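# Results of the structural survey
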Amino acid sequence: MSEDLEWVRRSQDGDQEAFSELVRKYQKRVYYLAYGMTGNREDALDIAQEAFLKAFRSMKGFQGGGGFYTWIYRITYNQTIDFMRKEWRKKKLEYQDNQDLTEKESPIMAVPSASNPGQDMAQKELNRVIMDAVQSLPEQHRSVILLREIEGLSYDEIAEMLRIRKGTVMSRLHYARQELQKVLMPYIKEGEIREKK
Amino acid sequence: MKKNRCSKILEWIGPYADGELSPSRSAMIGEHLKDCLSCRTALERLRQTQELIRQGFAFSTVEEKSDLEALHSRVKHGIRLQEAESKEPWWSGDLGSLLFRWARILVPSAVAAALVAGIFFKVYNPPLSVIKTAGKNECIIDSIEGANSTVLLFKTHDSDMTVIWLSVDIEPYKDASNSWIPYSA
Amino acid sequence: MDTLFGLKKTAFLAMVWVLCLVAMGRSAGAEVFNTEVRVILASNSDQGYDPRLLDLKKDLLSLNYMSFQLIDQTGLSLNRGQSGKMPIPGGRTMELTPTGVEQGKIVMQVSINEGGSSLLKTQIRIANHGTVIIGGPPYQSGFIVLAITAHF
């Protein structure tokens, strides 16, 4: 965390290399947040890029209070919401409808190194179910579940980032998990549960 | 009476799994779980759901790596452009910055052109040439169809050989929607 | 000498023309397509890698199965538009139909059928002497992988 502060201070003095370090450290999490919200890799790249550029532009105004990562998450989150509300997004979706696979995943890919095609296909099928389930959640619930399960933020951090009460975080998380569990029930291994009796 | 207690416990099961409860409340729930199979089942389901969500977001390393590399260089490039913009008013550039400004106009134009081209490609491209690999084993897939199977298209690392892989029966993830996924570029 | 040389030159040019025409005719109007289908069993058994598949080693190993065994090999000489059928282990059949040559590539329809239903029907264009792999139908404790190579 102290290295963050140092990089933030140097970035505020216009040191691009220091900012580049911050990007390197947080880009994965920023990207995953945007990807989780939009369900689209290209959109996620655009959003993540714009979020970092916005952060760089606003660096001088950053007080450093809540930590850089909370700040960059908030920027990313707002950026994602802006993006999703734009009209052209809907238009784009219209012609994506019939080509979910080609848009979200390149239809041809290098053979994965750790699994064979059969396993990979089953996993991809499952990933698609999970992504669809997350995408079908209302925006407010989706953001909470992503920040908790994918980004691993604490309830306090989520509350601070989304500017909501901790109790609201808990209830949204509870609802989102219930909804996801309903969809994912066929993939939950009851056998494992019973064995632990 | 027990049912009532369980419903209270279940309200806290999420924060319990997340380690967000006070030590005393956490200990109390831990005690209850020891004796209650249905609450333990609920906790295990929650944990598996969490695990599945995380799995769902795990890209293949190849995809993640290339996306993050692209992101890093795009941010770097963007910052350079922003900086140049703020330092150099348009009337005060030498030849270098003039060229740079051209790049600034040209790059977004190229991107816009590419986007338009992309859209036209997507809309007007007939369902042909789904896949194309190059080299000795160059292969173009014009069309692909079938029933009761899912198809993955790969290319191998070294020789770019095209692999059409069909899964006739996917267990344990088989469901009604797992019929045929059409490819159209 | 000049005349002789001139004659030689004309004869040479004529020969080049003939060769060009033959080559063009051959690529544009190829009528016979030789296809070779290798039926391979990919599995995680301990049988290892079949040495008869050495030319495909890198490609097959990247599919991440532990064992690859050649279980059948069939050569089909097919005319343009002619279909060749061959059985695939597991009660399935594969049908290959070369339909012509386009920009130097062989246009071929491949279908795999099981019982009355079609598992796969695809049209591909492969380079002359190129190979494409079709895999996935389960068989015994593994999967059938077909390596199709074609030339004209």
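Procedures and definitions
Residues numbered from 1 in each chain as written. Chains lettered and ligands numbered in written order. Predicted model: local features only at pLDDT ≥ 70, side-chain atom pairs only at ≥ 80, totals over all residues. Heavy atoms only, no water. Phe/Tyr/Trp six-rings, centres within 6.5 Å; stacked < 30°, edge-to-face > 60°. Helix = DSSP H or I, 4+ residues; strand = E, 2+ residues; numbered from the N terminus. Buried < 20%, exposed > 50% of the residue type's maximum accessible area, 1.4 Å probe, protein only. pLDDT = per-residue confidence, 0-100. Axes fitted to C-alpha atoms, helices over the stretch in contact; angles between N-to-C directions. Parallel < 35°, antiparallel > 145°, perpendicular 65-115°, else oblique. Contact = heavy atoms within 4.5 Å. Nonpolar A, V, L, I, M, F, W, Y, C, P; charged D, E, K, R; others polar. Salt bridge = Lys/Arg side-chain N within 4 Å of Asp/Glu carboxyl O. Expected span 1.5 Å × (residues − 1).

### Details of the packing of aromatic side chains
Residue and element names in this part refer to chain A. Throughout the structure, instances matching the rule amount to 15 aromatic pairs over all chains. A ring pair is formed by Tyr31 and Tyr35, whose centres lie 6.4 Å apart and whose planes are at 15°; its orientation type is stacked. With Tyr31 and Tyr35 both in helix H2 (residues 16-38), this residue pair falls four residues apart, about one helical turn. Accessibility classification places Tyr31 together with Tyr35 in one group, the buried group. Considering the side-chain rings of Phe62 and Phe68, the 6.2 Å spacing of their centres and the 80° angle between planes classify their relative orientation as edge-to-face. The two residues Phe62 and Phe68 agree in class, both being buried.

### Re unusual backbone geometry
Residues and elements named next belong to chain C. Of note in the backbone geometry, His129 takes a positive phi value of approximately 70° without being a glycine. With respect to the element layout, His129 can be found in the loop between strand S6 (117-127) and strand S7 (131-139). Note on His129: relative accessible area 47%, which makes it partly exposed. The residue Gln140 is not glycine, and still its phi comes out positive at about 45°. Along the chain, the position of Gln140 falls in the loop between S7 and strand S8 (142-151).

### Looking at the environment of Ile140(B)
Residues and elements named next belong to chain B. Structurally, the position occupied by Ile140 is in strand S2 (residues 139-145). Since its relative accessible area comes to 6%, Ile140 is described here as buried. Along the chain, Ile140 and Thr162 lie 22 residues apart, while their C-alpha atoms are 8.7 Å from each other.

### Some points on the confidence of the model for chain C
Confidence along chain C averages 82 in pLDDT terms, with 85% of residues attaining 70 or more. Confidence metrics for the complex model read pTM 0.51 and ipTM 0.78.

### A closer look at the packing of helix H8 (residues 139-150) of chain A against helix H3 (residues 37-56) of chain B
Viewed as axis vectors pointing N to C, H8(A) and H3(B) meet at an angle of 90°, and their least axial separation amounts to 10 Å. Here H8(A) lies roughly perpendicular to H3(B), going by the angle between them. In this structure, H8(A) uses Ile145(A), Glu149(A) and Ile150(A) to contact H3(B), whose residues at the interface are Gln50(B), Ile53(B) and Arg54(B). For the contact of H8(A) with H3(B), the per-class residue count stands at three nonpolar, one polar and two charged.

### Here's the deal with the pattern of salt bridges
For the structure shown, the criterion picks out 25 salt bridges over all chains. Two residues, Glu151(A) and Arg29(A), come together in a salt bridge whose shortest N-O distance is 3.7 Å. Linking Glu151(A) in the loop between H8 and helix H9 (155-162) with Arg29(A) in helix H2, this pair joins segments that are 122 residues apart in sequence. We note a salt bridge from Arg57(A) to Glu50(A), for which the minimum N-O separation is 3.2 Å. Arg57(A) sits in the partly exposed class, given a relative accessible area of 47%. A cluster of three or more residues bridged by salt bridges with shared partners is formed by Arg148(A), Glu149(A), Arg177(A), Asp18(B), Glu51(B) and Arg54(B).

### Focus on helix H10 (residues 166-184) of chain A
An ideal rise of 1.5 Å per residue puts 27 Å on 19 residues; H10(A) measures up with 26 Å between its terminal C-alpha atoms. Residues of H10(A) that are buried include every one of Thr168(A), Val169(A), Arg172(A), Leu173(A), Ala176(A), Arg177(A), Leu180(A), Gln181(A) and Leu184(A), and no others.

### What about the side chain of Arg177(A)?
With respect to the element layout, Arg177(A) can be found in helix H10. The class for Arg177(A) is buried, based on a relative accessible area of 6%. With near-sequence residues (within four places) excluded, Arg177(A) lies in contact with Ile145(A), Arg148(A), Glu149(A), Tyr155(A), Gly14(B), Asp18(B), Leu46(B), Thr49(B) and Gln50(B).

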